[in-house]
Amino acid sequence: MEPLCPNFDLLKSSSVPLFSHRLSSINRGISKRSSASFPCVSSYNRNCNPQASVKTEAPTQQQPTGHDLIKSLTKGFVGFAAAATALASVCSDSPAFAESLTVAFPVSRAQEVNTVQRTLVEAWGLIRETFVDPTFNHQDWDLKLQQTMVEMFPLKSADAAYGKIRGMLSTLGDPFTRIISPKEYQSFRIGSDGNLQGVGLFITVEPKTGHLVVLSCVEGSPAARAGIHDGDELIEINGQRLDGVDSEAAAQRLRGKAGTSVTVKLHRGNGSGSGSSIKEVKLPRELIRLSPISSTVIPHRTPDGRLTKTGYVKLSTFSQTAATEMKNTIHEMENLGVQSYILDLRNNPGGLVKVGLDVAKIWLDGNETLVNTVDRDGHMSPINMANGHALTHDPLVVLVNEGSASASEILAGALHDNGRAILVGHKTFGKGKIQSITELHDGSALFVTVAKYLSPALHDIDQVGITPDVQCTTEMLNSPKETLKGKSSVSSLEADSCIMVAEHELDIQESKGTAS
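Residues numbered from 1 in each chain as written. Predicted model: local features only at pLDDT ≥ 70, side-chain atom pairs only at ≥ 80, totals over all residues. Heavy atoms only, no water.

- The name that an unreviewed UniProt entry assigns to the chain is C-terminal processing peptidase, with the source organism given as Gossypium barbadense.
- The Function (unreviewed entry) field of the UniProt record for the chain holds the comment "Protease involved in the C-terminal processing of the chloroplastic D1 protein of photosystem II. This proteolytic processing is necessary to allow the light-driven assembly of the tetranuclear manganese cluster, which is responsible for photosynthetic water oxidation."
- Per UniProt, the chain has the following entry under Subcellular location (unreviewed entry): "Plastid, Chloroplast thylakoid lumen". (UniProt positions renumbered as here; feature names shortened; annotations may be inferred.)

Written as structure tokens, this is what we have:
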């Protein structure tokens, strides 16, 4: 059978076998599913997995023409060794419906490297179709594939080849778009389930500096007991510098079998001098149980002398069980006669955004907008509730600070902009990115920023954060930190002046008769 469209041989040679990788996409404005398969050629047939596939569900930008792609591919391979061959074809059943791009490339003679070659093209294709910035940080993304393939071809190890993929992704200027190894991805999935073995640190890449910083410590964990604070910069793990290392790779180094230990070096402060210090500490690894909810009932006396009950709920992470546990906690507190609530999102680094939206629904009625998304083409879409019914209408204050990120910011914005809660604390971290997570054919995972969030009132979250209605002073934020475990006594909260500010705001709401 004749091919549906012509193939364009850019450079010809028969001495090196080729992989070919096909990407198909539905045209702009249509929800799509794309698949990438890997037909093998020459002696590599028996080593190939033709079933590998990737899926996305984001709108795609208008793709370049076949002429543009071929021109780009040609540029990328000019000057490559004589053995290299590239093949590109663009097929369309109709200009309005579909497009197919096939790229063939020289197969590395190192089997573990040619496996990563497939991963490279798979990752490149997902970025090309879904990344939030359609200019790819003002660079020729098709050419970038060819450049990276040239750099990868002579390598001998998978680790070195993965380094080339990470280097390619780093040129996008988005530290949150990244690839993690199969082992790292397994650890990531275990962590989202609520349990892991490690030291109890939440870390992230600070977008402006690229440095790894501590978002928070799990209460009672080895890291918390060692006096590590949010904002500390992580410099070394077991004597190895962390320059250019992403947060998941660093987290993988911190994790390990319970009973072993790891040594970390941290920098505290903004510069040299008395306000700056280097700290090195050896941390034991333990089984860290990431229970997302801790709670207690705080007896509170109102200005007119009445004794009331305030439900204090600390949400530490958005793991898979967080929404269910939040519902159970609110039901229990309602049965105890609680009349107002404090929801503490301080130092909550986020997690599963869908869980954050589910938590918001617990507090809201009707068809309220929870968050707005803005895609790569600037199209805004609201995410709304559908006939929601709040579990309680009692007054609510939400506590936030610089360690409140991602899903925490989305939840805080949803409750605040819909008039449900007063925000108390400090401005939040400012991570308002929507990310897709795709498991690739080799078990690795690609995190891609595909859009950004705006709050219901259309406030930008990303790199801006959310400013609370009432701020706590520095003295308040530096008040002693005590451990709250489950249904503990309220003594651990009495030193927290932000709680006192929250109680004052609840008194004001009650005096105005505004049970949200």
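Picking up after the structure, the text goes on.
Thoughts on the environment of Arg118
Next, step 1: With respect to the helices and strands, the residue Arg118 is situated in helix H2 (residues 111-130).
Next, step 2: Accessibility expressed as a relative area gives 3% for Arg118, which makes it buried.
Next, step 3: As a C-alpha pair, Arg118 and Phe105 span 13 residues in sequence and 9.7 Å in three-dimensional space. (Helix = DSSP H or I, 4+ residues; strand = E, 2+ residues; numbered from the N terminus. Buried < 20%, exposed > 50% of the residue type's maximum accessible area, 1.4 Å probe, protein only.)

Examining the pairing of strand S12 (residues 261-268)
Next, step 1: Pairing of strand S10 (residues 233-237) with S12, which is carried by 4 bridges, proceeds in the antiparallel orientation. Residue pairing across strands places Glu233 opposite His267, the latter belonging to S12.
Next, step 2: As defined by bridge partners, S12 adjoins strand S13 (residues 277-284) across 8 bridges and the pair is classed as antiparallel. Paired with Arg268 across the two strands is Ser277, which belongs to S13. (Pairing = 2+ DSSP bridges.)

Some points on helix H12 (residues 497-511)
Next, step 1: For H12, with 15 residues, the first-to-last C-alpha span of 21 Å sits near the 21 Å given by 1.5 Å per residue.
Next, step 2: Two or three places before Cys498, at the opening of H12, Asp496 has a side-chain oxygen 3.0 Å from that residue's backbone nitrogen. (Expected span 1.5 Å × (residues − 1). Polar contact = N/O pair within 3.5 Å; in protein donor to acceptor, adjacent residues only side chain to side chain.)

Section: the state of the cysteines
Disulfide: a covalent bond formed between the sulfur atoms of two cysteine residues.
Next, step 1: Counted by the stated rule, this structure contains 1 disulfide.
Next, step 2: Two residues, Cys472 and Cys498, share a disulfide whose sulfurs are 2.3 Å apart. Taken together, the positions of Cys472 in the loop between strand S24 (470-471) and helix H11 (474-477) and Cys498 in helix H12 put the pair 26 residues apart, joining distant regions of the chain.
Next, step 3: According to the relative accessible area criterion, Cys472 is buried, its value standing at 2%. (Disulfide = S-S within 2.5 Å.)

Looking at unusual backbone geometry
Next, step 1: The phi dihedral of Asn137 is positive, around 60°, even though this residue is not glycine.
Next, step 2: Looking at where Asn137 falls in the secondary structure, it is placed in the loop between H2 and helix H3 (141-152).
Next, step 3: For Asn238, which is not a glycine, the phi torsion comes out positive at approximately 50°.
Next, step 4: When you line up the elements, Asn238 lands in the loop between S10 and strand S11 (240-241).
Next, step 5: For Asn238, a relative accessible area of 46% translates into the label partly exposed.

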